[in-house]
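# Remarks on the overall topology
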Amino acid sequence: MSHKRLTALAVAALGTVFGMTAQVGLRSDSIDALARQAWQSAQAPLFADTGAMSLTRTVGVEDAAAGVSLEKAMPYAAAETLNPFDELPRHCKNPSPYALPYSLTGTSHDWRRLWINTGVLTGAFVGTLLVLECLPEDATSWNRAELQDVPLFKRWKRHVFDKGCEWDHDKFIFNYVLHPYAGAVYFMGARSVGFNFYQSLLYCTLISNVGWEFGIEAFMERPSYQDLFITPLVGSAIGEGFYMLKRHLVDNNYELAGSRLLGDIVAFLIDPVNEVIGIFDHNPARVVARAKAWDARHGQRAQVSFNAGLQGLSLRVVF
């Protein structure tokens, strides 16, 4: 074979290497540079630049009269090779905290989802208020006669500014079971979307005290001293436990004690806001769970092989 033909063949083969790399392996246009750096810093090879796919392709080179032609073999089934991270929409600029190492202070903010969670919680507050109003008077200690006689905003002003906080006498299950659980749910609303422990504690405090105690509930009764502290503080402590439990679920593809159903139920109980919204929008935690399961099945980083089919010419690229 002439020197020119051999040079043309080498150039064509190298062009195929780079073309295949751009076409097959990286899909870098779908992953923001900051997110990819975060994946790499977390030592998550599946999500690194060169770890987006795991497959082998073979390129055959034929010496035809018209010149050099390259024939690419078909890849494996897309369901087995596509990085599940590509399921996330383009607005997900930062990786899910469930793909990063556990940290009390590390952040990977998803502000869009935080605002959605806040809107959902606000709607839930209004719904909860309606439910509580249907309960017997002794369940909440609300004065039904006052509620009917005093206009809504005048009532709120009286409770917040005129009378102020009080030590309430609600039932034990409300003050010391449901309120801490609600605080944990508020906490997870921020923790699961990339806010660290202290930021999530602040978010929980604002949602609990401003949104509920001095907000929605103040239309019905005076703010409670116990709730101002128990809901955000105890709730955040429980919430961090919920967060660690959910990390365990994500690491095991939402299975708990070998049961996917049990894992889904627990995930809903410990993080209902993100799990429900994830049904309609997107759920980064479940994407990461599938990605980790995918990575465990394949057990290796992306690999692309090329065999030129000519004696003495073999190219193999391992990422």
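Look above for the structure.
Residues numbered from 1 in each chain as written. Predicted model: local features only at pLDDT ≥ 70, side-chain atom pairs only at ≥ 80, totals over all residues. Heavy atoms only, no water.

## Structural notes on the overall build of the protein chain
Put simply, the rule reads: Runs of H or I in DSSP of at least four residues are treated as helices and runs of E of at least two as strands, each being numbered from the N terminus. Working definition: with a 1.4 Å probe on protein chains only, accessible area under 20% of the residue-type maximum means buried, over 50% means exposed, and in between means partly exposed. Every residue pair with non-hydrogen atoms within 4.5 Å of one another is taken to be in contact. The method behind every accessible area is Shrake-Rupley, applied with a 1.4 Å probe, and residues are considered shielded solely by the protein chains displayed.
Within the protein chain, the regular secondary structure consists of 13 helices and 4 strands. Considering the protein chain as a whole, with its 319 residues, one finds that 45% of them fall into the buried category. By sequence separation, contacts in the protein chain at least 24 residues apart represent 72% of the contacts at least 6 residues apart. Accessible surface, the protein chain as shown: approximately 16,400 Å² in total, 63% of it carbon and sulfur.

## Here's the deal with the nonpolar core
Operational definition: What is meant by a nonpolar core is a set of buried Ala, Val, Leu, Ile, Met, Phe, Trp, Tyr and Cys residues, joined one to another through side-chain atoms within 4.5 Å.
Judged by nonpolar contacts, the single largest core of 22 residues is most densely connected at Leu114, Leu121, Phe125, Tyr186, Tyr203 and Ile207. Of all the elements in the fold, those that place two or more residues in this core are α4 (111-134), α8 (172-191), α9 (197-216) and α12 (272-280). Ranked by residues supplied to this core, first place goes to α9 with 6 residues. Once residues within four sequence positions are removed from consideration, leucine 121 is found in contact with Tyr186, Tyr203, Ile207 and Val273.

## Brief notes about the environment of tyrosine 198
Here tyrosine 198 is to be found in helix α9. As a C-alpha pair, tyrosine 198 and leucine 104 span 94 residues in sequence and 7.6 Å in three-dimensional space. Beyond its immediate chain neighbours, meaning those up to four positions away, tyrosine 198 contacts Leu104 and Thr105.

## So, the side chain of aspartate 168
Selection criterion: Two N or O atoms form a polar contact when they lie within 3.5 Å of each other; inside protein one atom must be a possible hydrogen donor and the other a possible acceptor, and for residues adjacent in sequence the pair counts only when both atoms belong to side chains.
Its location among the elements puts aspartate 168 in the loop between α7 (152-163) and α8. Looking at aspartate 168, its side chain comes within polar contact range of the main-chain nitrogen of aspartate 170, at 3.2 Å. A polar atom in the side chain of aspartate 168 sits 2.7 Å from the side chain of asparagine 175. Excluding anything up to four places from it in sequence, aspartate 168 contacts Asn175, Ser224, Gln226 and Asp227.

## Topic: the pattern of salt bridges
The criterion, for reference: Just to be clear on terms, a salt bridge is a Lys or Arg side-chain nitrogen sitting within 4 Å of an Asp or Glu carboxyl oxygen.
Inspection of the entire model under this criterion finds 11 salt bridges. Lysine 292 is the salt-bridge partner of aspartate 251, the closest N and O atoms lying 2.6 Å from each other. With aspartate 251 in helix α10 (residues 225-251) and lysine 292 in helix α13 (residues 284-298), this residue pair connects regions lying 41 residues apart in the sequence. On the basis of relative accessibility, which here comes to 47%, the residue aspartate 251 falls in the partly exposed class. For lysine 292, a relative accessible area of 27% puts it in the partly exposed group. Bridged by salt links that share partners, the residues Lys246, Arg260, Asp264, Asp271, Glu275 and Arg286 form one connected network.

## Observations concerning the side chain of asparagine 274
With respect to the secondary-structure elements, asparagine 274 resides in helix α12. Within polar-contact distance, the side chain of asparagine 274 engages the side chain of arginine 113 at 3.3 Å. Not counting chain neighbours up to four residues away, the residues in contact with asparagine 274 comprise Arg113, Asn117, Met188, Gly189, Ser192, Val193, Lys246 and Asn283.

## A few points about a nonpolar patch on the surface
Under the convention used in this document: Note on patches: the residues involved have over 30% relative accessible area and no salt bridge, like charges join within 9 Å, and the nonpolar side chains Val, Leu, Ile, Met, Phe, Trp and Tyr join within 5 Å.
There is a patch of nonpolar side chains on the surface, built from Tyr181, Leu261, Ile265, Phe268, Leu269, Val276, Ile279 and Phe280 and spanning about 840 Å² of accessible area. At the level of secondary structure, the elements contributing two or more residues to the nonpolar patch comprise α11 (260-270) and α12. Sort the elements by how many residues they give to the nonpolar patch and α11 lands first, with 4 residues. Topologically, valine 276 is positioned in helix α12.

## A short note on unusual backbone geometry
The backbone of asparagine 253 sits at a positive phi, close to 55 degrees, despite the residue not being glycine. Checked against the element boundaries, asparagine 253 lands in the loop between α10 and α11.

## Considerations on α7
We apply this condition: In this analysis, the expected span of each helix is defined as 1.5 Å times one less than the number of residues it contains. Relevant arc is that of directions from the helix axis to the C-beta atoms, nothing else.
End to end, α7 covers 16 Å across 12 residues, agreeing with the expected 16 Å (1.5 Å per residue, within 8%). Turning to α7, its buried residues number three or more, namely Arg155, His159 and Val160. The arc enclosing the buried residues of α7, seen along the axis, measures out at 110 degrees, which places them on a common side. Seen from the open side of α7, the exposed residues pointing more than 90 degrees away from its buried face are Phe153, Lys154, Phe161 and Asp162. Glycine 164 occupies a position one or two residues after α7 and carries a positive phi of about 80 degrees.

Just distances and angles here, no functional claims.
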